[in-house]
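Structural characterization, general
These are the residues of each chain, in order.
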Amino acid sequence: MKKFFMTLMLALAPMTASAAGGAGVPLDSFEADLTNKASLQRGMQTFVNRCMGCHEAGFQRFERAAQDLGIPNELVEQYLIFDPETKIGSHMTNAMPKEVAAGWFGAPPPDLTLETRLRGSAWVYTYLRSFYTDESRPWGVNNAVFPDVGMPNVLEDLQGKVVNHCTPAELAHGGSAEIDPLTGETMGGCLTVSESGAQSPEEFDKTVYDLVNFMTYMGEPSRLESERLGTKVLIFLAILFVFAFALKKEYWKDVH
Ligand code: HEC
């Protein structure tokens, strides 16, 4: 019986893995590194400057992020909070009314605090790198993992103009060629940078990596704390072991 269940689980494992990919589009791999404070700090800066005009992170406070990421409160107040009404203890919200935004974009920009939990970090990472020029869309861009998206490509000045060489069907399956990070090709060679932006493809990937790393932190703010606590608990157990062992020796020394 046990064997049967194990075989069943093994058989199902690949199915659950591909289900996470959504509409069949293969996602670029993404591994968060929440111990890389510099990356998280750069990500927060990009998030505040580039995303918070439209999106909120309504479950995240500036102060908690500053603390976790090791940024002094004064620096956050000076460089990352633009509204004089907003305090360091405030949530990371903006003043854009939802109904108005829905009118502008067709859909309101959703809150992004838990976005990486909802879609997965790899999805968000791929999404932000998969905008391409499509003049039939209101903002002149479309997206390979989110077809007919209502969001403009807000990072286009950094990435450059991207053209799509594939048919919609090929794009939906991520094209065929191997991905070469040096040429800035994504989605299996379907998308290439035609006019370069302010950053090289590698720099752009790093900017998006840092941004999604920060978004992953927002989705699981206590993971950093758990990892720190975990180390302390292990050190405590190691010290306790020394005493427990000495005590055991003491108890047993007269027993032969
Ligand atoms: C000009 C306004 C605007 C800016 C700036 C903006 N977005 Fe968006 N974003 C939108 C809108 C509108 C949608 C909803 C699109 C839809 O549902 O078609 C959206 C959707 C998204 C989604 C998909 C949400 C989902 O799961 O359905 C993600 C992820 C996202 N944005 C991330 C970002 C990030 C990261 C930034 C900063 C680099 C950013 N956005 C900047 C307007 C914006």
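Residues numbered from 1 in each chain as written. Predicted model: local features only at pLDDT ≥ 70, side-chain atom pairs only at ≥ 80, totals over all residues. Heavy atoms only, no water.

Quick look at the UniProt feature "transmembrane region" (unreviewed entry) in the chain now. In this numbering, the UniProt entry assigns the feature "transmembrane region" (unreviewed entry) to residues 229-247. As annotated, residues 229-247 has a helix share of 100% and a strand share of 0%, and its two end C-alpha atoms lie 27 Å apart. (UniProt positions renumbered as here; feature names shortened; annotations may be inferred. Helix = DSSP H or I, 4+ residues; strand = E, 2+ residues; numbered from the N terminus.)

This part covers empty space enclosed by the protein. Taken as a whole and judged by the stated rule, the model has two cavities of 30 Å³ or more. One number sums up the size of the second largest cavity: a volume of about 30 Å³. In terms of lining, the second largest cavity is formed by Cys54, Glu56, Asn94, Met96, Pro97, Lys98, Ala101 and Pro109. Looking at the lining of the second largest cavity residue by residue, the class counts come to five nonpolar, one polar and two charged. (1 Å grid on protein atoms, 1.4 Å probe; cavity = no way out; pocket = protein on both sides within 12 Å on 5 of 7 lines; lining within 4 Å. Points joined across faces, edges and corners; volume = space filled by probe spheres on them. Nonpolar A, V, L, I, M, F, W, Y, C, P; charged D, E, K, R; others polar.)

This part takes up the site of the ligand. Around the ligand there are 21 residues in total, and Cys51, Cys54, His55, Glu115 and Met151 lie nearest to it. Note that an oxygen atom of the ligand is positioned 2.6 Å from one of the side-chain N or O atoms of Glu115. Between an oxygen atom of the ligand and a main-chain N or O atom of Gly150, the distance comes to 2.8 Å. More than half of the atoms of the ligand fall within 2 Å of the grid points belonging to the largest pocket. Put simply, the parts of the chain that give the shell around the ligand at least two residues each are α2 (37-51), α6 (115-119), α7 (121-128) and α10 (201-219). For the shell around the ligand, a count of residues per class yields 16 nonpolar, two polar and three charged. (Near = heavy atom within 4 Å. Polar contact = N/O pair within 3.5 Å; in protein donor to acceptor, adjacent residues only side chain to side chain. Sits in = over half its atoms within 2 Å of the grid points.)

Let us now look at the nonpolar core. Counting 50 residues, the largest nonpolar core has Met44, Phe47, Met92 and Tyr217 as the members making the most contacts within it. Taken together, the elements giving at least two residues each to this core come down to α2, α3 (62-69), α7, β3 (131-133) and α10. Among the elements that make up this core, the one with the highest residue count is α10 (eight residues). Other than its neighbours up to four places away in sequence, Met92 contacts Met44, Phe47, Val48, Met52, Glu56, Ala57, Gly58, Gln60, Arg61, Phe62 and Phe214. (Core = buried A, V, L, I, M, F, W, Y, C linked by side-chain atoms within 4.5 Å. Buried < 20%, exposed > 50% of the residue type's maximum accessible area, 1.4 Å probe, protein only. Contact = heavy atoms within 4.5 Å.)

Let us look at unusual backbone geometry. A positive phi angle is found at Asp148, which is not glycine, with a value near 55°. Summarising the element assignment, Asp148 is placed in the loop between β4 (141-143) and α8 (156-159). On the accessibility criterion, Asp148 (46% relative accessible area) is partly exposed.

Counting through the fold element by element, Asp157 comes out in helix α8. Judged by relative accessible area, Asp157 falls into the partly exposed class, the value being 44%. Residues Asp157 and Gly197, 40 residues apart in the sequence, show an inter-C-alpha distance of 5.3 Å. Beyond its immediate stretch of four places on either side in the chain, Asp157 contacts Arg50, Gly197 and Ala198.

Okay, the layout of surface pockets next. Of the pockets and cavities examined, the largest pocket occupies roughly 500 Å³. Along the wall of the largest pocket there are 26 residues; nearest its centre are His55, Pro109, Pro110, Tyr127 and Met151. Taken together, the elements giving at least two residues each to the lining of the largest pocket come down to α2, α6, α7 and α10. The element best represented in the lining of the largest pocket is α7, accounting for four residues. Residues belonging to the lining of the largest pocket are distributed by class as follows: 21 nonpolar, two polar and three charged. Taken as a whole, the second largest pocket encloses approximately 220 Å³ of empty space. In terms of lining residues, the second largest pocket is bounded by 14 residues, among which Met52, Asp83, Thr86, Thr93 and Asn94 are the most central. Residues of the lining of the second largest pocket, tallied by class, amount to seven nonpolar, six polar and one charged.

When the charged atoms of two side chains lie near each other, side chains of opposite charge can form a pair. Here the structure, examined in full by the defined rule, presents 12 salt bridges. With its nearest N and O atoms 2.7 Å apart, the salt bridge here joins Glu250 to Lys253. Overall, the relative accessible area of 45% leaves Glu250 in the partly exposed class. One connected set of salt bridges, linked through shared partners, spans Asp28, Arg129 and Asp205. (Salt bridge = Lys/Arg side-chain N within 4 Å of Asp/Glu carboxyl O.)

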